Amino acid sequence: MNKENEILKSLEEDQKKITTLQELNELKVKYLGKKGLITELNAEIKNVAVEEKKAFGQMVNALKEKFLNFYESKKESLEEEILNKKLEQEAIDISLPSKKVKRGSLHPMTRITEEFEDLFVSMGYTVYEGPEIESDENCFQKLNLPKGHPARDAQDTFYLKDEYENYLLRTQTSTAQVRAMEDHTEKGPLRIVCPGKVYRRDEDATHSHQFMQIEGLVIDENISMADLKGTLELFCKKILGEKTKVRFRPSFFPFTEPSVEVDVSCFKCQGKGCALCKGTGWIEVLGAGMVHPHVLEMSGYDSKKYQGFAFGTGIDRFAMFKYGIPDIRTIYGNDIRFIEQFDRKDSE
Amino acid sequence: MKLSRKFVSDYIDLDPELSIEQIALDMTNVGNEFDSASPWVSCTNLVVGEVLECENHPDSDHLHVCQVDVGKEVLQIVCGAPNVRKGLKVIVALPGAKLPLGEIKKTTIRGVESNGMICSIAELGIDHKYLEEKDYKGIHEFDKEAPVGSDPIALLGYDDEIIDFELTSNRGDLLSILGMAYELGAIYKKKVKEMEVSFKENKEKIERDFHVEVKTDYCSLFLAKKVVGVKIKESPDFIKKRLMASGIRPINNVVDISNYVMLETGQPLHYYDADRLGDQIVVRMAKEGEKLTTLDGIERTLSTEDIAITNGEDVIGLAGVMGGLSTEVEMDTKDIIIESAIFDNVKIRKTSKKILRSEASNRFEKGLDPKRSYLAILRSCHLLEKYADATIVGGMIEYNHENMDEKVIEITLDKIKKVLGIEISMEEVKNIFLDLDFKVDVEKEKMIVTVPTRRLDISIAEDLIEEVGRIYGMDKIEGKLPILDVITGSYNKTRRNIKHKLADLGLNETFSYSLIPNQEVHRFTTDHFKEVMLDYPMSEDKNTLRYSLLYSLKEIYLYNKARNQSNISIFEIGKGFYQEEDIYKEDLKLAILMSGDYYLDIQNQKVDFYIIKGICEELFNYLGYENRYRFEASSNLPKEFHPGQSANIILQGKQVGVIGKIHPNILKEDVYAMEINLDQLLQNRPTRMEYKDIPKYPSIEKDFAFVVKKNIMAEELIEIIKKTGGKLLTNVRIFDVYEGEKVGVDEKSIAFKLTFMDPTRTLTEDEVMTVFNKIIEKVENNLSAKLRDE
């Protein structure tokens, strides 16, 4: 039993000295190698009396197990130490700039258009787009603006070369309504919005010779001004905020009868009066009305059976309102420092 | 249209408690917008004063020190006007008075205390065009009787209030005091007073020695009366003030009366000097090139589109726009022929657009009520008799092809309710019509409404519904959502997907003008097309509709470069316009321009051809065109592109776009661009998205590199590799390209990684090597390539 104690004592001392994996492996050789202390002790079993062999074997196995327990746990802790050291050395400056592709952006006009489209599509409207070059007939005559009509003055028109009162750049997206009604062979209910570019000879801080409008049209058997108001109330609340109020004022458009101008409560001052609303608390944003029976008839609709409402507004104006852009020329200026600002999801 | 409160009050009683702002708002609520509503003269704290003493200022050669009695007290005021003197009754602005030039305060002028200011008319803010020299050269001198301490504004007749309306083009009837009175009457439920038109006629008859002949359909009504013995002088003050308040400069009593009646009735009149005119008027279309010197002394050249008033031979007036100089009423005029006529509104609009917009033409353009033509000529006689001592000649020449009948329109209560979406009773509707001075007969459910001829804008039931809505209050309509069938809405998803994809790829969307300079329209394309130009462009740099969007993107690049912004990655989707056999066409196009940094990295990598090519491939693959397009080097590239760094984009044999570097002649910097015809591209259906089995057996990868001549395209190698590799070769990828010392000057090395796989079994090394070696042999033989030893 002397040998056992010797080994135990030696192991106890040796354990304390181990600091590296290599030392640990050398220790394994010292105890469990071919000539290892425990291996050699085990070999002595042949000299042990038969009745003591079992106890001797158990003693050696216990020694072996003790060593291996130490070995495994020490190995694990040494390896972890090495890994930790390596990780420490691999530390980087996480504050350095990232590697990435530039972040793109959609133009505010696209963003507003999509917002409008999504809202109306969710209510069953179809987005209908027409061409930008139009006939005088579609742009004016079929909208109840015959040649020589004084209301044509309000929309100073770009005619194409040698096409006076014949072909033009559309002055209003209402032309798309005419096309939609003409295309609709059943001449039945219709629900569309028409966004698009329009052109007028006009240019200053609030007018651009090219701008964007969106037009809405609903035709059915029982459509009224009340439906128009409800629809526009919903629209303005969704786009400009839930607190927005809508006001109707009678007006005149040749293609609607009755016609109204639609004001919204100023979203900047909540109707108290500020520079934006010129102190009135209201901002004019839309023109609307009930589709004129002549307009319905000219596009093949039975105005005795069907009536409908139409509305139109400038997308540019909404973009200016929504993002606080003071000058319409900024929108078409395409300064990259302007465009890049619209590169994320908006708050809702 | 400027509305004077005093003027309209001749025809309707307005509650004095009603402020001018309130009237303007009430009018807005029935559809008549206004620009401004305010007192004519907005000065405060003015009184009539009497100059008791007037002495020279001790320290000035032109100032006077005055003691002025203003009723309650006597104030010392320093005054610089040359006409100030003792005993004068003057306008005094008391300390605290607000004048257009600022607030008047107690002050000291060169050591002398001054407690206010003695004013000229000009200093009250009266428009300069109405002023005589004395009104701005010196202080105003009242009559001796002017009561000290009273309101000088009222004494001067400037105590009026004015609303400046911006009327809609359908309401020509509101271009008259009477029309305004009817509108206000409907709002405030007041009756409009009758107009005074009585006068005496002498025993003569105009028809005896004067004739009118109308030789054109564009004149539907022509009335003429004659007055004799007029005395030309200054108009009575009230006429002058009302003209001024309405924006018209007074001239003399006769001319002023014609304008006054036009303002009252909306019917423009013309007065001819009867002696200068001769014995007839012939109305006809002008001859091409015919000349007329108009009242303003300018010689005008007429065309066959203009309606001419002639004396049978020469043109003496441009109908509806302006009279001629030769028959003008002058100081010595005695006898006058009065014309009250209706000319075609479209013709007048054209002529006035060409020659001159006037108060008269504005009214003719909007259309006139024939009943008013009669009323106006009678009213004119009444006023000429009263204020110009005229004797009215008996009879009237009448040429009248106008329909004088009032319109009768039937409408049901149901229809009104159905269109407006409101609950309203028959009684309420009837009252609205009565307030508007329409006649109404009720027959069971029907209302038969008779509309006065002045309301030219009303002709169908819907117009009456609008009247009901206007007076009821459009804003009182309660909004509700329409009850409609549930249907699916839709929009152009693909275009939106493209925009979002490109934004996700780091590009910024731009929005530029379609109109560009003509000399730029054929750039950035090799297409032959006829461009679309404008008739009367705003400017030469916006006279043509663009065909390619790249001109616009180039301009945007330059704009930003000038502002030191050099990292530009932009795109735009818009129309390209052209003509094809006289049909106007527009194609949807996508253009991209990139320059500077695209990868934001510490080591910047500048945009090159391969980055923009990558954008194009990303987009095409995303749209479902993978393996169906290629980039083709070509000698047929737009000359604005670098010939060696550009390509045509071919999808299934058809060119859909162009890509490459912008030619250094156009932009010195390294700028890359591409343009795709989206209409053409999207005609191709995307490949269907379909599940493919995930490989069960391992693949084997092999690498090799070839040295080839520089002019050999990688694409050519890949083509041979793929062809020879057959089915087992599932992928070929270039992983390195080398040019430099290790290869010849005109050579390059391209390294490929090949992937072999069979979906049904595990491949053996031997069979892969057999194919691999066959590929090497083919490439070497066909392209005189050398396998590069590692």
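Only a predicted model underlies this, so the values are computations on that prediction, with no experimental measurement involved. (Residues numbered from 1 in each chain as written. Chains lettered and ligands numbered in written order. Predicted model: local features only at pLDDT ≥ 70, side-chain atom pairs only at ≥ 80, totals over all residues. Heavy atoms only, no water.)

A. Expanded view of the overall build of chain A. Counting its secondary structure elements, chain A contains 12 helices and 10 strands. Taken along the three principal axes of its C-alpha coordinates, chain A extends 130 × 50 × 45 Å. Restricting the contact set of chain A to residue pairs at least 6 apart, pairs at least 24 apart contribute 64%. Accessible surface, chain A as shown: approximately 16800 Å² in total, 50% of it carbon and sulfur. If the 51 positive side-chain charges of chain A are averaged to one point and the 59 negative ones to another, these points end up 5 Å apart. (Helix = DSSP H or I, 4+ residues; strand = E, 2+ residues; numbered from the N terminus. Contact = heavy atoms within 4.5 Å. Areas by Shrake-Rupley, 256 points an atom, 1.4 Å probe, with all protein chains shown as cover. Lys, Arg positive; Asp, Glu negative; His and termini not counted. Charge placed at Lys NZ, Arg CZ, Asp CG, Glu CD.)

B. Region of the structure containing the overall build of chain B. If you tally the helices and strands in chain B, you get 21 helices and 43 strands. Compactness check: chain B gives a C-alpha radius of gyration of 42 Å against a globular reference of 28 Å for 790 residues, more than 25% above the reference. The burial tally for chain B puts 53% of its 790 residues in the buried class. The contacts in chain B between residues at least 6 apart in sequence include a share of 68% that link residues at least 24 apart. (Rg over C-alpha atoms; globule rule 2.2 N^0.38 Å. Buried < 20%, exposed > 50% of the residue type's maximum accessible area, 1.4 Å probe, protein only.)

C. Quick look at the packing of helix α7 (residues 237-245) of chain B against helix α8 (residues 253-265) of chain B. Residues and elements named next belong to chain B. Where α7 meets α8, the axes come as close as 10 Å, and the angle between the chain directions of the two elements is 55°. In terms of axis orientation, α7 runs oblique to α8. Note on packing geometry: the crossing formed by α7 with α8 is left-handed. When α7 is examined against α8, the residues Phe238, Ile239, Lys240, Arg242 and Leu243 are found in contact with a partner set consisting of Asp256, Ile257, Asn259, Tyr260 and Leu263. Partitioned by chemical class, the residues of the contact of α7 with α8 number six nonpolar, one polar and three charged. (Axes fitted to C-alpha atoms, helices over the stretch in contact; angles between N-to-C directions. Parallel < 35°, antiparallel > 145°, perpendicular 65-115°, else oblique. Left-handed = near helix turned anticlockwise from the far one by under 90°. Nonpolar A, V, L, I, M, F, W, Y, C, P; charged D, E, K, R; others polar.)

D. Geometry of the domain arrangement of chain A. Per the domain assignment, the segments making up chain A are domain 1 (2-89) and domain 2 (108-339). On a C-alpha basis, the centroid separation for the pair domain 1 of chain A and domain 2 of chain A is 90 Å. (Domains from an automatic or database assignment.)

E. The arrangement of the domain arrangement of chain B in detail. Each domain of chain B was delimited in the assignment, giving domain 1 (2-40 + 161-188), domain 2 (46-156), domain 3 (201-400), domain 4 (407-474), domain 5 (493-681) and domain 6 (700-787). The gap between the C-alpha centroids of domain 2 of chain B and domain 6 of chain B is 104 Å.

F. Spatial organisation of the pattern of salt bridges. Summed over all chains, the structure comprises 82 salt bridges over all chains. Across the salt bridge formed by Lys238(A) and Glu242(A), the nearest N and O atoms sit 3.9 Å from each other. By relative accessible area, which is 48% here, Lys238(A) ends up partly exposed. Note that Arg85(B) and Glu141(B) form a salt bridge whose closest N and O atoms lie 3.0 Å from each other. You can see Arg85(B) sitting in the loop between β5 (74-79) and β6 (89-93) and its partner Glu141(B) sitting in the loop between α3 (133-137) and α4 (152-156), a full 56 residues away along the chain. In this structure Glu141(B) comes out as partly exposed when scored by relative accessible area, which is 33%. Three or more residues are tied together by salt bridges with common partners; here these are Arg171(B), Asp173(B), Glu183(B), Arg455(B), Asp457(B), Glu467(B) and Arg470(B). (Salt bridge = Lys/Arg side-chain N within 4 Å of Asp/Glu carboxyl O.)

G. Structural context of the nonpolar core. Membership of the largest hydrophobic core comes to 89 residues, with the highest contact counts inside it found for Phe222(B) and Phe343(B). Formed jointly, this core draws a minimum of three residues from each of two domains, domain 1 (2-40 + 161-188) and domain 3 (201-400) of chain B. Not counting residues up to four positions away in its chain, the partners in contact with Phe343(B) are Tyr218(B), Cys219(B), Val283(B), Ile307(B), Ile309(B), Ala319(B), Gly320(B), Ile348(B) and Phe364(B). Core analysis: the next-biggest nonpolar cluster, separate from the first, contains 82 residues, Ile214(A), Ile315(A), Val419(B) and Tyr472(B) among them. (Core = buried A, V, L, I, M, F, W, Y, C linked by side-chain atoms within 4.5 Å.)

H. Region of interest: helix α5 (residues 108-121) of chain A. Residues and elements named next belong to chain A. Counted at 1.5 Å a residue, the expected span for α5 with its 14 residues is 20 Å, and the 20 Å between its end C-alpha atoms agrees. The element α5 is extensively covered by neighbouring structure, given that 12 of its 14 residues are classed as buried. Taken together, the buried positions of α5 are Pro108, Met109, Thr110, Arg111, Ile112, Thr113, Glu114, Phe116, Glu117, Leu119, Phe120 and Val121. (Expected span 1.5 Å × (residues − 1).)

I. Up close: the confidence of the model for chain B. Per-residue pLDDT for chain B has a mean of 92; in total, 99% of the residues score no lower than 70. Taken together, the chains of this predicted complex give a pTM of 0.85 and an interface ipTM of 0.87. (pLDDT = per-residue confidence, 0-100.)

J. Broad picture of the interface of chain A and chain B. Each partner contributes residues to the interface: chain A has 94 residues there, and chain B has 88 residues. A buried area of about 7700 Å², summed over both sides, lies between chain A and chain B, and 56% of it is on carbon and sulfur atoms. Of all residues in chain A, the largest losses of buried area upon contact with chain B belong to Lys102(A), Pro250(A) and Ile336(A), amounting jointly to 9% of the total for that side. Our count for the contact surface shared by chain A and chain B stands at eight salt bridges. Put simply, Glu114(A) and Arg496(B) hold a salt bridge, and the shortest N to O gap is 3.8 Å. The element that contributes the greatest number of residues to the side of chain A that touches chain B is helix α8 (residues 225-240) of chain A, accounting for eight residues. Among the residues making up the side of chain A that touches chain B, the classes are represented as 36 nonpolar, 25 polar and 33 charged. One ladder, built from two bridges, connects strand β1 (residues 100-101) of chain A with strand β34 (residues 597-600) of chain B; its direction is antiparallel. Each bridged residue has a counterpart across the sheet, and for Val101(A) the counterpart in β34(B) is Tyr599(B). (Buried area = accessible area lost by both parts, 1.4 Å probe. Pairing = 2+ DSSP bridges.)

K. Quick peek at the sheet that holds strand β6 (residues 210-220) of chain A. Taken together, the seven strands give an open sheet; going across it, the order is β2-β5-β6-β10-β9-β8-β7 (chain A), and neighbouring strands pair in mixed fashion. Two strands lie at the open edges of the sheet, namely β2 (126-127) and β7 (246-253) of chain A, each paired on one side alone. By the bridge criterion, two bridges tie β2(A) to strand β5 (residues 190-199) of chain A in an arrangement that is parallel. When the bridges of β5(A) are listed, Val127(A) appears paired with Val193(A). Of the strands in this sheet, β7 and β8 (256-265) of chain A are in contact with helix α15 (residues 461-472) of chain B, which crosses β8(A) at around 30°.

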